Amino acid sequence: MPKKKITDGMRQRPNGSWEMTEVIDGKRRWFSAKLPEDVLKKRDEALLEVERQKEQLKMGPFFEEVADAYQERLYTMKNGTQKAYLPALERAREWFKGKRMREIDPYMIAQFLQSIPSKAHTTVSNHKTVVNSIFQLWIDDPVWRGDFNPAELTKMPRGLKRGKRKPPTDEQIQVVRDHYLDPDALPAVCYLCTGGRKREVSALQLKDIDFENGVIHITKSVEHINNKPHIHGTKTEAGVRTIPLLQMMREALEPMRNLPPETFLLSGTDKPLTASAYNRRWESFWRKYGMAHPIVRMKKRTKPNGEVEVIHYTDWKADVCAHQFRHEYVCMLCMAGISEEVAIQLVGHTNVKMIHDVY
């Protein structure tokens, strides 16, 4: 049997170079070079590249490709969700950059969670949620069709700091009770008497107050985007609820009874307060009764002549925040002997665990 020549399957061009054609992965490819050995070398390199691409395809897309797709989806979510998840997304993208989806194992995600500087339970949990969502998107996508989510197998690190919500002090509560008829006290009165979230109270209108039946209907919330208020639904389905109208709040709202039903309680107009207007009103009340502290700030201003001027000014920050009164409301329910099943409905939670863990 004659020995196979290196040029078998090749043809020599008029210019003396060699060429061969071969079907690789269903596509016809041409390879040419001055020497037959170089033609074969190019052919072998093409075969290796095809095998490498097939292997990469098995390993899935790069993590950052799926992260980019998740980011587009994130931009359609609520502004508050974006603020919580976008920093986590950026950190995850940088950490896993260059790795393909099937290369990432649970221990790698555990290392990523351990690397987060904050060590606060909520912050780390947000990072885990983002990674989990990215893998779930890879699985659900009809093109990628992933089949493995290592984030589901990864446990949260131990020893993370859990923040406990503190109620307002007895002195702060007494200030609200002593001055509940002060128009500036209305935001604090609403929080103390409803246990509502800031967004929910900001969305309350006179039409939501049923004075005859003594109840308040919480059905919506205000989200501030670039200072402007936007009306949305409640945080969860459980957030839609009906709660008792307490006597203190009824009396505080009495001067507003004759205003149009569309009037928002905190603004006194047909539009909710902007974020900055809300902050000014909240801080003004607590400053009036000596429960706010000054903060010296600075800003730069460019004069018409181009000179940069540094301006120092004093801002004020209240010693108590709105959400602390939500804690107080839960305490009031407990002291009144309200059952846990009813309590979670009144504060708009989905289960008793939230009452135990947070409050």
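As shown above, the structure is provided for reference.
First, a word on scope: everything that follows refers to the structure included in this document. Values in this document were obtained by computation on a predicted structure and should not be read as measured data.

The rules behind the values
Residues numbered from 1 in each chain as written. Predicted model: local features only at pLDDT ≥ 70, side-chain atom pairs only at ≥ 80, totals over all residues. Heavy atoms only, no water. Helix = DSSP H or I, 4+ residues; strand = E, 2+ residues; numbered from the N terminus. Rg over C-alpha atoms; globule rule 2.2 N^0.38 Å. Buried < 20%, exposed > 50% of the residue type's maximum accessible area, 1.4 Å probe, protein only. Contact = heavy atoms within 4.5 Å. Core = buried A, V, L, I, M, F, W, Y, C linked by side-chain atoms within 4.5 Å. Arc of directions from axis to C-beta. Salt bridge = Lys/Arg side-chain N within 4 Å of Asp/Glu carboxyl O.

## Focus: the overall build of the protein
Part 1 of the argument: Scanning the protein from N- to C-terminus turns up 13 helices and 10 strands.
Part 2 of the argument: Compactness check: the protein gives a C-alpha radius of gyration of 32 Å against a globular reference of 21 Å for 359 residues, more than 25% above the reference.
Part 3 of the argument: By principal-axis analysis of the C-alpha atoms, the protein measures approximately 110 × 65 × 45 Å.
Part 4 of the argument: Looking at the 359 residues of the protein, the share that counts as buried comes to 39%.
Part 5 of the argument: Long-range contacts, defined as pairs at least 24 residues apart, comprise 58% of the intrachain contacts of the protein with a sequence gap of at least 6.

## A few points about the nonpolar core
Part 1 of the argument: In terms of nonpolar packing, the biggest core is built from 44 residues, with V189, M249, L265, W282 and W286 touching the most fellow members.
Part 2 of the argument: Going through the elements one at a time, α6 (170–178), α7 (186–194), β5 (215–218), α9 (247–253), α10 (275–288), α11 (322–335) and α12 (340–347) are the ones with two or more residues in this core.
Part 3 of the argument: The leading source of residues in this core is α7, at seven residues.
Part 4 of the argument: Beyond its immediate stretch of four places on either side in the chain, W282 contacts P187, A188, Y191, A318, V320, C321, A322 and F325.

## Comments concerning α6
Because an α-helix packs 3.6 residues into every turn, residues spaced three or four apart end up facing the same way.
Part 1 of the argument: Every buried residue of α6 is accounted for by Q172, I173, V175 and V176. Each buried residue of α6 lies within a common arc of 155° when the element is viewed along its axis, so the set occupies one face. In α6, the exposed residues that point more than 90 degrees away from the buried face are D170, E171 and D178.

## Notes on the pattern of salt bridges
Part 1 of the argument: A full pass over the atoms with the stated rule returns 16 salt bridges.
Part 2 of the argument: Residues E19 and R13 are paired through a salt bridge, measuring 2.5 Å at the closest nitrogen-oxygen approach.
Part 3 of the argument: Between R93 and E90 there is a salt bridge whose closest N-O contact spans 2.6 Å. Note that R93 and E90 are positioned in helix α3 (residues 79–95) at a spacing of three residues, about one turn of the helix.
Part 4 of the argument: Taken together, the shared-partner salt bridges connect R11, R13 and E19 into one network.

## As for unusual backbone geometry
Part 1 of the argument: One non-glycine residue, R145, adopts positive backbone phi at about 50°.
Part 2 of the argument: Positionally, R145 belongs in the loop between α5 (121–140) and α6.
Part 3 of the argument: Positive phi outside glycine occurs at N227, with the angle close to 80°.
Part 4 of the argument: Along the chain, the position of N227 falls in the loop between β6 (221–225) and β7 (228–232).
Part 5 of the argument: Judged by relative accessible area, N227 falls into the partly exposed class, the value being 33%.

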